[in-house]
Amino acid sequence: MTQIAESKNVALGAALDDAARDLPDGWQIHITIERGAGWAELHNPEGVRADDFDSTDLDLHESIRRGIRLAQKAEHVCKPSCHNPCLLEDW
Ligand SMILES: [Zn+2]
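These figures come from a predicted structure and were not determined experimentally.

Undergrad: Help me understand the pairing of strand E1 (residues 28-34) in this model?
TA: Looking along a regular strand, one sees the side chains alternate between the two faces of the sheet. As paired strands, E1 and strand E2 (residues 37-43) are joined by seven bridges and run antiparallel to one another. Across the sheet, Thr 32 pairs through a bridge with Trp 39, a residue of E2. Hairpin connection, E1 to E2: the antiparallel pair is bridged by two residues, and Gly 36 has positive phi, about 80°.

Laid out in structure tokens, this is it:
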């Protein structure tokens, strides 16, 4: 295995672990693999697919991380302790 393929596998494994730990309650990331392609979809706790989650230009591990951030952002309510502007605004 090439070093690049190996590091992508490590990144994917880490992203899967992060999703299992960091996704807010009820949110799901669905991963579909077919020959020559793989993609992720983000589903909210009502089971609705997030249509603002476009991962076509990303590697799978980057897609998973973007899905985690979108779900966290959707659940986030700013508090006085947030940075101003809230750091989540950049997500
Ligand atoms: Zn905030």
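So much for the structure itself; the text now carries on.
Undergrad: I keep staring at helix H2 (residues 60-75) and nothing clicks. Help me out?
TA: Owing to its 3.6 residues per turn, the α-helix brings residues three or four apart onto one side. Spanning 16 residues, H2 covers 23 Å between terminal C-alpha atoms, matching the ideal 22 Å at 1.5 Å per step. Those residues of H2 that fall on the buried side of the exposure criterion are His 61, Ser 63, Ile 64, Arg 65, Gly 67, Ile 68 and Ala 71. Along its buried surface, H2 packs onto helix H1 (3-22), E1 and E2.

Undergrad: Hey, could you run me through the environment of Ala 37 in this one?
TA: Relative to the helices and strands, Ala 37 is located in strand E2. Residues Ala 37 and Thr 56, spaced 19 residues apart in sequence, show a C-alpha to C-alpha distance of 10.0 Å.

Undergrad: It is not clear to me how the packing of H1 against H2 should be interpreted in this structure. Could you clarify?
TA: If you want to describe how two helices pack, look at the angle between their axes and the distance between the axes. Where H1 meets H2, the closest approach of the two axes is 8 Å, and the angle between their N-to-C directions is 20°. The angle between H1 and H2 falls in the class roughly parallel. The handedness of the crossing between H1 and H2 is left-handed. For the pair formed by H1 and H2, the contact residues are Lys 8, Ala 11, Leu 12, Ala 15, Leu 16, Asp 18, Ala 19 and Asp 22 on the first element and Leu 60, His 61, Ile 64, Arg 65 and Ile 68 on the second. Taken together, the residues of the contact of H1 with H2 sort by class into eight nonpolar, one polar and four charged.

Criteria and cut-off values
Residues numbered from 1 in each chain as written. Predicted model: local features only at pLDDT ≥ 70, side-chain atom pairs only at ≥ 80, totals over all residues. Pairing = 2+ DSSP bridges. Helix = DSSP H or I, 4+ residues; strand = E, 2+ residues; numbered from the N terminus. Expected span 1.5 Å × (residues − 1). Buried ≥ 20, exposed ≤ 12 C-beta atoms within 10 Å, placed from the backbone. Contact = placed C-beta atoms within 7 Å. Axes fitted to C-alpha atoms, helices over the stretch in contact; angles between N-to-C directions. Parallel < 35°, antiparallel > 145°, perpendicular 65-115°, else oblique. Left-handed = near helix turned anticlockwise from the far one by under 90°. Nonpolar A, V, L, I, M, F, W, Y, C, P; charged D, E, K, R; others polar.

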